[in-house]
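Observations on chain architecture
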Amino acid sequence: MPLHVPPAPAPALRSVLAALGSPAAVHEAHTPALRTLQGPMTAELPLPLHVLDRLNTSTLAVGGRPPRTRLTGWRFLIRSGDRYVAAADTRLTADGWAFSHFFEGPYVAATERALRQAESLGNAYQPRLLSVPELYMLTLWLHGAVGADASAGLPAGEDLLVPLAPAPPGIAAFRPHPVSELLPVLTRRLTPATPPGPPSLAAPAA
């Protein structure tokens, strides 16, 4: 079933296209692939980038506070010919959406792979990206409310999170997990273990 890719804010897209058309911006980017390419490049597959904040033990409690997220930018995959070679991030400034930076690396290919995989699932989803900074983890967030405002909303229990590679140790990349199952796992990783208590001062038995 096709994904419902949300439309990006027009100023965000314009800022990326302007950067792609700027030899100086492309040359200054830490992306050798962009600097060496010949021919046109396009910005496609806009994804809102959300960050997961304050993941703690309240996530595990029945009726506890929902996880908190905030929108930090929009990410576009940069296509050259028949392949994606880099990505471009935008950020919200006092004057509106603006180009932030280009980058390349494993998350570009991982995002493309996860999106293709998501298209084969039985339900319709709105694709987003969800970052968990404390675990250096990025996931494809498949939101069930396909018509929702892509800049807002919280992960619902039935939404799916697909960890992108490289994923943290012990978490399989590209395996879809319901939010209700994966968030407790992440929470336990971020919750410090209870330190052992003080040694007993009781006198030994005679």
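Please refer to the structure placed before this passage.
What comes next concerns the included structure. Given the structure is predicted, the values throughout are model-derived calculations rather than measurements.

Summing up its helical and strand segments, the protein chain has five helices and eight strands in all. Seen in sequence order, the protein chain has helices and strands lined up from the N terminus as α-α-α-β-β-β-β-α-β-β-β-β-α. Residues classed as buried in the protein chain amount to 40% of the 206 residues present. Sequence separation of 24 or more characterises 56% of the internal contacts of the protein chain that already satisfy a separation of 6 or more. In the structure as shown, the protein chain presents an accessible area of about 11,000 Å², 58% of it carried by carbon and sulfur atoms.

Strand pairing within a sheet occurs via backbone hydrogen bonds; the two strands may be parallel or antiparallel. Taken in spatial order, the eight strands line up as E4-E3-E2-E1-E5-E6-E7-E8 in an open sheet, and their pairing is mixed. Two strands in the sheet have a free side with no partner beyond their single neighbour: strand E4 (96–103) and strand E8 (177–178). The sheet contact formed by strand E7 (residues 160–163) and E8 spans two bridges and is antiparallel. Residue pairing across strands places Leu161 opposite His177, the latter belonging to E8.

The next subject is unusual backbone geometry. The linkage connecting Ala165 with the following residue, Pro166, adopts the cis geometry, with an omega of 5 degrees. Tracing the chain through its elements places Pro166 in the loop between E7 and E8.

Our next topic: the packing of aromatic side chains. If you walk through the whole model with that rule in mind, you get one aromatic pair. When the ring centre of Tyr84 is taken as origin, the NZ or CZ atom of Arg79, which lies over that ring, is 4.4 Å away. In this structure, Arg128 is placed above the aromatic ring of Trp141, and the distance from its NZ or CZ to the ring centre is 4.7 Å.

For the rest of this paragraph, the subject is helix H5 (residues 179–190). Its 12 residues place the ends of H5 16 Å apart at the C-alpha level, agreeing with the 16 Å of an ideal helix rising 1.5 Å per residue. Considered for burial, the residues of H5 that qualify are Val179, Leu182, Leu183, Pro184, Leu186 and Thr187. Against strand E1 (42–53), strand E5 (126–132), strand E6 (137–143), E7 and E8 lie the buried residues of H5.

You can see Arg75 is positioned in strand E2 (residues 68–80). A polar side-chain atom of Arg75 sits 2.7 Å from a polar atom in the side chain of Asp89. Dropping the residues within four chain positions of it, Arg75 is found in contact with Leu45, Pro46, Leu47, Leu49, Ala87, Ala88, Asp89, Phe103, Leu129 and Leu138.

This part covers the pattern of salt bridges. All chains considered together, the criterion is met by three salt bridges. Among the salt bridges present, the one from Asp89 reaches Arg75, with a minimum N-O distance of 2.7 Å. Placement of Asp89 in strand E3 (residues 83–93) and of Arg75 in strand E2 is noted, with a sequence separation of 14 residues between them. The residues Asp89 and Arg75 share a single accessibility class, namely buried.

With 18 residues, the main nonpolar core has Val16, Leu20, Leu34, Ala43, Phe76, Ile78 and Phe102 as its most contacted residues. Looking at this core, the elements with two or more residues in it are helix H1 (10–20), E2, E3 and E4. Among all residues touching Ala43, those that are not within four sequence positions of it are Leu13, Val16, Leu17, Leu20, Phe76, Leu77 and Ile78. Core analysis: the second largest hydrophobic core is formed by 16 residues, Ala110, Ala114, Leu140 and Val162 among them.

So, on to H1. Those residues of H1 that fall on the buried side of the exposure criterion are Ala12, Ser15, Val16, Ala19 and Leu20. Taken around the axis of H1, the buried residues stretch over an arc of 140 degrees, which confines them to a single face. The elements touched by buried residues of H1 are helix H2 (23–28), E1, E2, E3 and E4.

Procedures and definitions
Residues numbered from 1 in each chain as written. Predicted model: local features only at pLDDT ≥ 70, side-chain atom pairs only at ≥ 80, totals over all residues. Heavy atoms only, no water. Helix = DSSP H or I, 4+ residues; strand = E, 2+ residues; numbered from the N terminus. Buried < 20%, exposed > 50% of the residue type's maximum accessible area, 1.4 Å probe, protein only. Contact = heavy atoms within 4.5 Å. Areas by Shrake-Rupley, 256 points an atom, 1.4 Å probe, with all protein chains shown as cover. Pairing = 2+ DSSP bridges. Phe/Tyr/Trp six-rings, centres within 6.5 Å; stacked < 30°, edge-to-face > 60°. Lys NZ or Arg CZ within 6 Å of the ring centre and 35° of its normal. Expected span 1.5 Å × (residues − 1). Polar contact = N/O pair within 3.5 Å; in protein donor to acceptor, adjacent residues only side chain to side chain. Salt bridge = Lys/Arg side-chain N within 4 Å of Asp/Glu carboxyl O. Core = buried A, V, L, I, M, F, W, Y, C linked by side-chain atoms within 4.5 Å. Arc of directions from axis to C-beta.

It is worth stressing that arrangement in space is one thing and function is another; only the former is reported here.
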